[in-house]
Amino acid sequence: MALENYFDALLSVVGGIPTTMALALLSFAIGMGLGSILLLVRFFLPKPLSWFASAYVEAFRGTPLLVQIFIIYFGVGGFLKDYGINIDPFTAGVIALGLNSAAYQAEIFRSAVQAIPVEQYLTAEAYAFGKTQTFRYIILPQALRIALPALMNEMVLLIKDSSLVSVIGVTPPDIFRRADYYASRHFTYFEAYLAAATIYFIICYAMVKISHVIERKYAIPGYLRRGII
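In this text the structure is predicted, and so the values were computed from the model without any measurement. (Residues numbered from 1 in each chain as written. Predicted model: local features only at pLDDT ≥ 70, side-chain atom pairs only at ≥ 80, totals over all residues. Heavy atoms only, no water.)

Counting its secondary structure elements, the protein chain contains 9 helices and 0 strands. Its helices and strands taken in sequence order, the protein chain reads α-α-α-α-α-α-α-α-α from the N to the C terminus. The proportion of buried residues among the 229 residues of the protein chain is 40%. Counting only contacts in the protein chain whose residues sit at least 6 apart along the sequence, the fraction spanning at least 24 positions is 78%. Of the roughly 12,700 Å² that the protein chain leaves accessible, carbon and sulfur atoms contribute 68%. Across the protein chain, the mean location of the 17 positive side-chain charges is 10 Å away from that of the 14 negative side-chain charges. (Helix = DSSP H or I, 4+ residues; strand = E, 2+ residues; numbered from the N terminus. Buried < 20%, exposed > 50% of the residue type's maximum accessible area, 1.4 Å probe, protein only. Contact = heavy atoms within 4.5 Å. Areas by Shrake-Rupley, 256 points an atom, 1.4 Å probe, with all protein chains shown as cover. Lys, Arg positive; Asp, Glu negative; His and termini not counted. Charge placed at Lys NZ, Arg CZ, Asp CG, Glu CD.)

What follows concerns the UniProt feature "domain: ABC transmembrane type-1" (unreviewed entry) in the protein chain. Here the UniProt-annotated "domain: ABC transmembrane type-1" (unreviewed entry) positions come out as residues 17-211. For residues 17-211, the end-to-end C-alpha separation is 19 Å, with 83% helix and 0% strand making up the annotated structure. (UniProt positions renumbered as here; feature names shortened; annotations may be inferred.)

Mapped onto the present numbering, the UniProt feature "transmembrane region" (unreviewed entry) falls on residues 20-41, 62-80 and 187-208. The distance separating the terminal C-alpha atoms of residues 62-80 is 26 Å; by composition the span is 84% helix and 0% strand. When the span residues 187-208 is considered, its composition is 91% helix and 0% strand, and the gap between its end C-alpha atoms is 33 Å.

In this section: the environment of Tyr200. Within the fold, Tyr200 resides in helix 9 (residues 189-218). Spatially, the C-alpha atoms of Tyr200 and Val156 are 9.6 Å apart, while their sequence positions differ by 44 residues. Excluding residues that lie within four positions of it along the chain, Tyr200 makes contacts with Thr20, Ile159, Ser163, Asp174, Ile175 and Phe176.

With that settled, the discussion passes to the packing of aromatic side chains. Throughout the structure, instances matching the rule amount to 10 aromatic pairs. Where Phe70 meets Phe74, the ring centres are 5.3 Å apart and the plane angle is 50°; that geometry is what we call tilted. A residue pair is termed a helical-turn pair when its members lie 3 or 4 positions apart in one helix, as Phe70 and Phe74 do in helix 4 (residues 65-81) at 4 residues. The interplanar angle of 55° and the centroid separation of 5.3 Å between the aromatic rings of Phe79 and Tyr83 together place this pair among those described as tilted. (Phe/Tyr/Trp six-rings, centres within 6.5 Å; stacked < 30°, edge-to-face > 60°.)

Attention shifts here to the nonpolar core. In this structure, Val13, Ile159, Val165, Ile175 and Met207 are the most contacted members of the largest nonpolar core, which totals 47 residues. Of all the secondary-structure elements, those providing two or more residues to this core are helix 1 (3-14), helix 2 (17-44), helix 4, helix 5 (89-114), helix 7 (131-161), helix 8 (175-186) and helix 9. If near-sequence neighbours (up to four positions away) are discounted, Val165 is found in contact with Leu23, Ile69, Pro89, Gly93, Leu97 and Val170. Val41, Tyr56, Val57 and Ala106 belong to the second largest nonpolar core, which has 9 residues in total. (Core = buried A, V, L, I, M, F, W, Y, C linked by side-chain atoms within 4.5 Å.)

So, on to the side chain of Gln142. Examined against the element boundaries, Gln142 turns out to sit in helix 7. Beyond its immediate sequence surroundings of up to four residues, Gln142 is in contact with Ile116, Gln120 and Ile220.

With that out of the way, let us pick up the side chain of Ser163. Along the chain, the position of Ser163 falls in the loop between helix 7 and helix 8. Relative accessible area serves as the criterion here: at 18%, Ser163 is assigned to the buried category. Those residues in contact with Ser163 that sit more than four places away from it in its chain are Asp174, Phe176 and Tyr200.

Moving on: a nonpolar patch on the surface. There is a patch of nonpolar side chains on the surface, built from Leu40, Phe44, Leu45 and Leu49 and spanning about 320 Å² of accessible area. Tracing the backbone shows Phe44 in helix 2. When its relative accessible area of 31% is taken as the criterion, Phe44 is described as partly exposed. (Patch = residues over 30% accessible without salt bridge, like charges linked within 9 Å, V, L, I, M, F, W, Y side chains within 5 Å. Salt bridge = Lys/Arg side-chain N within 4 Å of Asp/Glu carboxyl O.)

Encoded structure:
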């Protein structure tokens, strides 16, 4: 491996960081919003709707993300094109990643809510709290703090999964797409993809360290365990 080729590829690949982070952040926001709605549907609405929410979660968790990206861009995008609506690759990528993340975040929220001791529900009931009040003022604030480690992990996964969007030609190019372009132009495939891997590692490692700080800051007393957070 020629070091000059590696560093040259590194400089080229760095230009894809804004697109990669935009894909990850926007899809995370979509996932959090939709995941929260799915949680409320599963906990508060009658069974036909709660079954639909559960089916959504299982469908997106049980199928490959790459297939979902193709369905959104080529399937849904091709259908809408007949009606004069064009979905660009970036938008399709954000939608696919967001819908996929929503399924995982819904499960993260569900697990966090179920981690709250049943005694807290009983205490709220003893103080004449309604179901909505109990969830809003007692359960949800604690559940969000419990869910923080898993949510930060989901953010890291989205940064890595955003590389899959490169297959539909997202523009401006993300990290992996720029590495692909560089490799095709210079025929230095190893250096180009190693440079991409280096950038992904640096970003994800930084996110993990930031997540540890956030988790410790907002951890519920009694839930902080040595070696866990």
